[in-house]
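So you can see what is in the structure, the chains are spelled out below.
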Amino acid sequence: MNRSNLPLSDPRFQESIRTTGKERISVMVKDSRDEGLNAFFSFHPDPVMTCVYLRKDLYKSVFMRMFHVDVEQSSSALPVKISFWNRRFRLFSATGSTMVVPLPAPVSKLRAQFGVLFDPRDAEILAGVDFVIAHESHDGVRTELSRTHLDPVRSEADREVRNAEVELAKRGAGKILLETVPGAGKTCKWSFWSDIELN
């Protein structure tokens, strides 16, 4: 942990590195992006959680192990991050994102939870979010499997965590696309997916 944001040259920091061993430091909690520290430890420039930085070689595997999502194939206007919210680890991304779940072999079913991070102070939000689950075959054929619209401004029920389940038995290998599509006008900044299960 480097919550005091000590520079790499600080004697206390150097002593900690010598004691621990640089090669054994794979994650660090720090309050600043500090490009020099990121380069020295080979940390990914984006935190995996707020203030938590991982080595580049571990960054992708954390998202795969926790959510089955290949973060390197995924797209989001803001860096994807993991947060502990409402008793679960959630994968947050900017609305308008696509999270990619690789399917190297056919599976029969996908289950997931989803929702929006709603703040009642965001009264200017004018539109909701569509949560879309689609299958894309190896040859690029996209098939929409599920679409749910959440409008947390107009409906309190849409502020709750939702569950999704789609059948994949006839879809074959390829990938699942978990998409958040913003409505017209302003929309919720952060959306999330979690509890993704492949059976």
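Attention in this report is confined to the structure presented alongside it. (Residues numbered from 1 in each chain as written. Predicted model: local features only at pLDDT ≥ 70, side-chain atom pairs only at ≥ 80, totals over all residues. Heavy atoms only, no water.)

### Digging into the overall build of the protein chain
Tallying secondary structure elements over the protein chain gives three helices and eleven strands in all. Listing every helix and strand of the protein chain by position from the N terminus yields α-β-α-β-α-β-β-β-β-β-β-β-β-β. In terms of principal-axis extent, the alpha carbons of the protein chain reach across some 55 × 45 × 25 Å. Of the contacts made within the protein chain by residues no fewer than 6 positions apart, 63% connect residues no fewer than 24 positions apart. Summed over its atoms, the accessible surface of the protein chain is roughly 10600 Å², and 51% of this surface lies on carbon and sulfur atoms. The positive charge centre, built from 28 side chains, and the negative charge centre, built from 26, are 2 Å apart in the protein chain. (Helix = DSSP H or I, 4+ residues; strand = E, 2+ residues; numbered from the N terminus. Contact = heavy atoms within 4.5 Å. Areas by Shrake-Rupley, 256 points an atom, 1.4 Å probe, with all protein chains shown as cover. Lys, Arg positive; Asp, Glu negative; His and termini not counted. Charge placed at Lys NZ, Arg CZ, Asp CG, Glu CD.)

### Focus: helix α1 (residues 11-20)
Its side-chain oxygen at 2.8 Å from the backbone nitrogen of arginine 12, aspartate 10 defines the N-terminal cap of α1. Looking one or two places after α1, you find glycine 21, whose phi comes out positive at around 95°. (Polar contact = N/O pair within 3.5 Å; in protein donor to acceptor, adjacent residues only side chain to side chain.)

### Section: the side chain of arginine 90
Summarising the element assignment, arginine 90 is placed in strand β4 (residues 88-94). A polar side-chain atom of arginine 90 sits 3.1 Å from the main-chain carbonyl oxygen of tryptophan 85. The residues contacting arginine 90, other than those within four sequence positions of it, are Phe67, Lys81, Ile82, Ser83, Trp85, Gln113, Val161, Phe192, Trp193, Ser194 and Asp195.

### Focus on the sheet that holds strand β11 (residues 190-198)
Read across the sheet, five strands follow the order β3-β4-β11-β6-β9 without closing on themselves; strand pairing throughout is antiparallel. Lying at the two open borders of the sheet, with one neighbouring strand each, are β3 (81-85) and β9 (162-167). Within the sheet, the average angular offset between the axes of one strand and its neighbour, ignoring direction, is 35°. Of the strands in this sheet, β3, β4 and β11 are in contact with helix α3 (residues 56-67), which crosses β4 at around 120°. (Pairing = 2+ DSSP bridges. Axes fitted to C-alpha atoms, helices over the stretch in contact; angles between N-to-C directions.)

### So, the packing of aromatic side chains
Considering all chains together, one arrives at ten aromatic pairs under this definition. Both rings, one in phenylalanine 114 and one in tryptophan 193, keep their centres 5.6 Å apart while their planes meet at 45°; by these two values the pair is tilted. Taken together, the residues span a long stretch of sequence, with phenylalanine 114 in strand β6 (residues 109-116) and tryptophan 193 in strand β11 at a distance of 79 residues. For the residue pair phenylalanine 114 and tryptophan 193, the accessibility class agrees, reading buried in each case. Through pairs of rings, three or more aromatic residues link up here, namely Phe13, Phe40, Phe41 and Phe43. (Phe/Tyr/Trp six-rings, centres within 6.5 Å; stacked < 30°, edge-to-face > 60°. Buried < 20%, exposed > 50% of the residue type's maximum accessible area, 1.4 Å probe, protein only.)

### Some words on the side chain of aspartate 151
Tracing the sequence through the fold places aspartate 151 in the loop between β8 (142-150) and β9. A residue is classified by how much of its surface remains accessible, and aspartate 151, at 12% relative accessible area, is buried. A polar contact of 3.1 Å, which involves the side chain of aspartate 151, links it to the side chain of arginine 154. When sequence neighbours within four positions are dropped, the list of residues in contact with aspartate 151 reads Gly128 and Asp158.

### What about unusual backbone geometry?
Of note, the phi angle at aspartate 34 is positive, near 35°, even though the residue is not glycine. For aspartate 34, the position within the fold is in the loop between β1 (27-29) and α2 (35-41). Taking the relative accessible area as the measure of exposure, aspartate 34 reaches 30% and is therefore partly exposed. Positive phi outside glycine occurs at serine 42, with the angle close to 60°. The topology assignment puts serine 42 in the loop between α2 and β2 (52-54).

### Section: the environment of aspartate 57
Tracing the backbone through its elements, the reader meets aspartate 57 in helix α3. For aspartate 57, a relative accessible area of 54% puts it in the exposed group. Linking aspartate 57 and phenylalanine 43, residues 14 residues apart in sequence, is a C-alpha distance of 8.4 Å. A distance of 2.8 Å separates polar atoms of two side chains, one belonging to aspartate 57 and the other to arginine 55.

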